[in-house]
Amino acid sequence: MARERWSNRGAFIMAAIGSAIGLGNVWRFPYLVGTSGGGAFFIPYVIALVTTGIPLVALEYYLGIRYQHGPSEAYGFVKKRTNFIGWFALGIAAMITVYYSVVISYALNYIVGSIGVKWAGREKDYFFTDILNISGGHFDFGEQVLPLVIGNAIVWIAIFLIIFKGVKVVGKIVTWTVGIPWVLLAVLIVRGVMLEGAFTGLDFYLSPDFSKLADPQVWLAAYGQIFFSLSLGFGLMIAYASYMPKDSDINTNAWVVSFANCATSFFSGFAIFSTIGYLAAVSGVNVSDVAASGPGLAFVVYSTAIAQLPGGIILQSVFGVLFFIILFTLGIDSAFSLVEGVVTGLKDTFKIDRVKATAAVCVFGFSAGLLITSRAGLYWLDSVDRWMNWGLAIVGLMEAVLIGWFFNVKKASEDIDSTSSIKFGSFWIICVKYITPVILLLIIGTNFYSEFNGIYEGYSKSAIMISGWGLLTFLMFIALVLQDRSSLKNPVVIIGYLVSFAGFLFAFYSFYGPEIQTRFIAAAVMVVSLAIVVFCFKMAGKNQ
């Protein structure tokens, strides 16, 4: 059967832009800029874009276009028995979609709540009590929060309807789901800059502090933002590109998508900080006192500003609806692209019908999301999100090392340049082979060091072991088994994997201990566990 195709190049570009632009462009990037040197932050940000972002986007497009398969198969064409990288990426994508869909349901509930600005005067309580009905911790599940369950069901039904007929339909949908937030963002910017205090907020956002450039963490933050905001490491860019013809222009597409993503992030800051500047002015406080990042920015701080906009309840309601429609459309684009990556993997490897594969993934996503729609959901969302982001960095590292060191990287560079008037040349090789691995190693290493010197957000070890280390390690072992499915018949391999899985969990748990001796034992156990994995991996390969 002939492979599906995008209706045209523009449809692919719009879909790729939609997958890259997500909620983080609105609620993380502006705050990161404002607290990391303002305008000076754009120096490391642009350098990160050119040296890691665009080269890796081109790399993932290349894998999909050259091999005409999704990530579950494409890596194996590069080097035999490396498909586990693709399966690991898709496992992470699936887990992220589980909670990402619930965040989109927050936006749906806020669209309804915007009519009459129901949160006015009690913004924080409205979010944490009315919307989340939040409990006291990870294991205080309580009952299901019905508005979130309903919202999540709507999101998953929408995802199914968008992708079950294939990429031609997706290409038509993204014209609206990408175009609408751009138009509405422009409306919010125009309204925002006309508010009292707007330029004070923009000064916080853009005023350069060049002394911040001496802080290595600012540079790592820039590289991290570029990597995560371009949807790298999910496998979805490989999946999307696999539906393009083999002679497609890789470099130009990579530049267009990357700059569209970054431009959206940049202009989102004008919409956010002009309004936050107004909030600070009417509240009589500094911008830094009300600025925030993440869900707190969108659902507490920005909603507070909306409730205080001049013009009365009608205009406040209108701008509330507009803002949360932006969040919904940005979120749904990213969500269905993640699901498309998983569906493509299942189709390519198991030859499953698209409709059945899509239905299965959507049912799983909604069912698993019941954990996130419980009263303890925000805690699980927060901890799972942290470790899945680490997983994406690990995928990116393995991807760069695989192409840079175990493949004919010069041939790959020539192939990428051959279809485009924009040439990377040897610069692409340097970025993929040296710069990207070093940066990703630093990001992973500094985050691990930080974690083992203080448990994230003070959560319990048991919660972190389940939602963090346990889930991340489990996804890797599932990826190894899916690559070597015949190993399921070999009890030695399965027992070995189980023993090493337990060993890794023991090591991660023990690393939290303050005693040097305990950490030394943990390191020894990790080395032994890794040796067992290598042994089992080689044994499983003999059955292929």
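Quick summary incoming for the structure in this document. Note that this is a predicted model, so its numbers are computed, not measured.

A short note on the overall build of the protein chain
Logical step 1: Within the protein chain, the regular secondary structure consists of 23 helices and zero strands.
Logical step 2: At 23 Å, the protein chain has a C-alpha radius of gyration in line with the 24 Å of a compact globule built from 544 residues.
Logical step 3: Principal-axis analysis of the C-alpha atoms gives the protein chain an extent of 70 × 55 × 50 Å.
Logical step 4: Sequence separation of at least 24 residues holds for 84% of the intrachain contacts in the protein chain that already meet a minimum separation of 6.

Focus: helix α21 (residues 461–483)
Logical step 1: With 23 residues, α21 ought to run about 33 Å at 1.5 Å a step, and its terminal C-alpha atoms sit 31 Å apart, in line with that.
Logical step 2: Along α21, the sharpest kink reaches roughly 40°, centred on G470.
Logical step 3: Among the 23 residues that make up α21, 17 are buried, leaving the element largely enclosed by the rest of the structure.

Topic: the packing of helix α18 (residues 377–406) against helix α20 (residues 426–452)
Logical step 1: Interhelical geometry of α18 versus α20 gives an angle of 150° and a closest axis separation of 9 Å. Accordingly, the angle class assigned to the pair α18 and α20 is roughly antiparallel. In this structure, α18 crosses over α20, and the sense of that crossing is left-handed. Across the interface between the two elements, R386, W387, W390, A393, I394, G396, L397, A400, V401, I403, G404 and W405 from α18 touch W428, V432, K433, Y434, T436, P437, L440, L441, I444, N447, F448 and E451 from α20.

Focus on helix α10 (residues 198–206)
Logical step 1: Taken as a whole, α10 has its buried residues at A198, G201, L202 and Y205. Seen along its axis, α10 keeps its buried residues to an arc of 95°; they face one direction. Seen from the open side of α10, the exposed residues pointing more than 90 degrees away from its buried face are F199 and T200.
Logical step 2: Looking at the buried side of α10, the elements it contacts are α3 (29–35), α4 (42–67), α9 (167–193), α13 (250–283) and α14 (287–290).

Thoughts on the layout of surface pockets
Logical step 1: Of the voids in this model, the second largest pocket is the one considered here, and its volume is about 930 Å³.
Logical step 2: Along its surface, the second largest pocket is lined by 31 residues, and F84, I394, M398, M476 and L530 are the ones closest to its centre.
Logical step 3: Where the lining of the second largest pocket is concerned, the elements lending two or more residues are α6 (83–114), α18, α20, α21, α22 (491–511) and α23 (516–541).

Looking at empty space enclosed by the protein
Logical step 1: Under the definition given, this model contains three cavities of 30 Å³ or more.
Logical step 2: The computed volume of the largest cavity comes to approximately 60 Å³.
Logical step 3: Surrounding the largest cavity, L188, R191, G192, L195, T275, Y302, I306, L309 and F319 form its lining.
Logical step 4: Elements represented by at least two residues in the lining of the largest cavity include exactly α9 and α15 (295–307).
Logical step 5: The element contributing the most residues to the lining of the largest cavity is α9, with three residues.

Describing a nonpolar patch on the surface
Logical step 1: A surface patch of nonpolar side chains, about 340 Å² in accessible area, is lined by F139, F141, L371 and I466.
Logical step 2: Tracing the backbone through its elements, the reader meets F141 in the loop between α7 (123–131) and α8 (146–163).

Notes on the nonpolar core
Logical step 1: Counting residues in hydrophobic clusters, the biggest one holds 198 residues, and the most contacted among them are W6, Y61, Y106, I159, F323, M388 and W428.
Logical step 2: By residue number, the principal contributor to this core is α6, which donates 22 residues.

Some details on the packing of aromatic side chains
Logical step 1: In this structure the tally under the stated criterion is 58 aromatic pairs.
Logical step 2: Between W6 and Y240, the aromatic rings sit 5.1 Å apart at their centres with planes inclined by 85°, giving edge-to-face as the arrangement. Taken as a pair, W6 in the segment before α1 (9–20) and Y240 in helix α12 (residues 236–241) lie far apart in primary sequence, 234 residues in all. No difference in accessibility class separates W6 from Y240, as the two residues are buried.
Logical step 3: Plain terms: the ring middles of W390 and F448 are 4.9 Å apart, the flat faces sit at 50° to each other, and that makes the pair tilted. Taken as a pair, W390 in helix α18 and F448 in helix α20 lie far apart in primary sequence, 58 residues in all.
Logical step 4: Seen from the ring of W387, R386 lies directly overhead, with NZ or CZ sitting 5.8 Å from the centre.

About the cut-offs
- Residues numbered from 1 in each chain as written.
- Predicted model: local features only at pLDDT ≥ 70, side-chain atom pairs only at ≥ 80, totals over all residues.
- Heavy atoms only, no water.
- Helix = DSSP H or I, 4+ residues; strand = E, 2+ residues; numbered from the N terminus.
- Rg over C-alpha atoms; globule rule 2.2 N^0.38 Å.
- Contact = heavy atoms within 4.5 Å.
- Expected span 1.5 Å × (residues − 1).
- Bend = angle between axes of the 7 residues up to and from the residue.
- Buried < 20%, exposed > 50% of the residue type's maximum accessible area, 1.4 Å probe, protein only.
- Axes fitted to C-alpha atoms, helices over the stretch in contact; angles between N-to-C directions.
- Parallel < 35°, antiparallel > 145°, perpendicular 65-115°, else oblique.
- Left-handed = near helix turned anticlockwise from the far one by under 90°.
- Arc of directions from axis to C-beta.
- 1 Å grid on protein atoms, 1.4 Å probe; cavity = no way out; pocket = protein on both sides within 12 Å on 5 of 7 lines; lining within 4 Å.
- Points joined across faces, edges and corners; volume = space filled by probe spheres on them.
- Patch = residues over 30% accessible without salt bridge, like charges linked within 9 Å, V, L, I, M, F, W, Y side chains within 5 Å.
- Areas by Shrake-Rupley, 256 points an atom, 1.4 Å probe, with all protein chains shown as cover.
- Salt bridge = Lys/Arg side-chain N within 4 Å of Asp/Glu carboxyl O.
- Core = buried A, V, L, I, M, F, W, Y, C linked by side-chain atoms within 4.5 Å.
- Phe/Tyr/Trp six-rings, centres within 6.5 Å; stacked < 30°, edge-to-face > 60°.
- Lys NZ or Arg CZ within 6 Å of the ring centre and 35° of its normal.

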